[in-house]
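Structure assessment
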Amino acid sequence: MNTLVALAIAPVGVGDELKEYVAEVIRVIRASGLSCRTNSMFTEIEGDWDDVMRVVRDATFELAERGIRTEVVLKADIRPGFENMMERKVRVVDELLEGAGEAEATGAEVEPAAPKGEC
């Protein structure tokens, strides 16, 4: 079942600078072969539930198995029948914004977009 997660894994009690630890975690995620994207706060991972959760476990244990207390923040979106939601969700919102922007520029009224079955 397709699963999209937003994930933040960070060590606790290792000082103020976490970038080396975070890089180790992201290296594990990227090596998984699953679709992923990192931003300033989270890394998104998309794939089959079991595959995604295995990567979450592996990335978490990259630090925890070294005796480092590890904090995990995870948000999951399980949406049967949908794939590539990491890209599709953003694209649908961008399309709505572009339509609203065009209408605002011309002074036209903005009508709600018809549902597309996405997002």
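Below or above, wherever it landed, is the structure these notes cover. (Residues numbered from 1 in each chain as written. Predicted model: local features only at pLDDT ≥ 70, side-chain atom pairs only at ≥ 80, totals over all residues. Heavy atoms only, no water.)

So, helix α2 (residues 49-64)
With 16 residues, α2 extends 22 Å from end C-alpha to end C-alpha; this agrees with the ideal 22 Å at 1.5 Å per step. Where α2 is buried, its residues meet β1 (2-11), α1 (19-31), β3 (43-48) and β4 (70-78). (Helix = DSSP H or I, 4+ residues; strand = E, 2+ residues; numbered from the N terminus. Expected span 1.5 Å × (residues − 1). Contact = heavy atoms within 4.5 Å.)

Focus on the pairing of strand β2 (residues 35-38)
Of the strand pairs in this sheet, β2 and β3 are connected by 4 bridges, and their pairing is antiparallel. Note on β3: the bridge partner recorded for R37 is E44. (Pairing = 2+ DSSP bridges.)

Regarding the sheet that holds β2
Taken in spatial order, the 4 strands make up an open sheet running β2-β3-β1-β4, and their pairing is antiparallel. In the strand order of this sheet, the two ends are held by β2 and β4, each with one partner. On average, adjacent strands in this sheet sit at an angle of 20° to one another, irrespective of strand direction. With 6 bridges connecting them, β1 and β3 associate as antiparallel partners. Bridged to L7 within β3 is T43. α2 rests against β1, β3 and β4 of the sheet, and its axis sits at about 5° to β1. (Axes fitted to C-alpha atoms, helices over the stretch in contact; angles between N-to-C directions.)

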